[in-house]
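Observations on the model geometry
Take a look at the letters that make up each chain.
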Amino acid sequence: MEIKVLGPGCAKCTATVDVLQKAAKAKGADVSITKVEDMREIVSYGVMSTPGVVIDGKVVHVGSVPTSEKAEGWMK
């Protein structure tokens, strides 16, 4: 599972990465989490409000830090 966190590196973006890492660990999911800070790439996903979460190429969350329950639900 490939997860991208879209955002300029703000506190909410960092918190989103933390939530996703904890959810992956809790679920024992095999994931790759990368941060995308390039604005052109972020906009290419249609994301105008960060942080954004992209899983396997699909935008699943935009504009806030996801809850741990929501993040765990995304893990396979």
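Residues numbered from 1 in each chain as written. Predicted model: local features only at pLDDT ≥ 70, side-chain atom pairs only at ≥ 80, totals over all residues. Heavy atoms only, no water.

**Description of the sheet that holds strand β3 (residues 52-55)**
An order of β2-β1-β3-β4 is seen for the four strands of this open sheet, with the pairing classed as mixed. Pairing within the sheet leaves two strands with one partner each, and these edge strands are β2 (32-36) and β4 (58-62). Strand-to-strand twist of the sheet, defined as the mean angle between neighbouring strand axes without regard to direction, takes the value 25°. Each of β1 (2-6), β2 and β3 touches helix α1 (residues 11-27); the most contacted strand, β1, lies at about 160° to it. (Pairing = 2+ DSSP bridges. Helix = DSSP H or I, 4+ residues; strand = E, 2+ residues; numbered from the N terminus. Axes fitted to C-alpha atoms, helices over the stretch in contact; angles between N-to-C directions. Contact = heavy atoms within 4.5 Å.)

**Here we look at unusual backbone geometry**
Backbone torsion omega between Thr50 and Pro51 reads 0°, so that peptide bond is classified as cis. Note on placement: Pro51 falls in the loop between α2 (39-44) and β3. Not every positive phi belongs to a glycine, and Asp56 is a case in point at roughly 50°. As for its position among the elements, Asp56 is in the loop between β3 and β4. Taking relative accessible area as the criterion, Asp56 reaches 45% and is therefore assigned partly exposed. (Buried < 20%, exposed > 50% of the residue type's maximum accessible area, 1.4 Å probe, protein only.)

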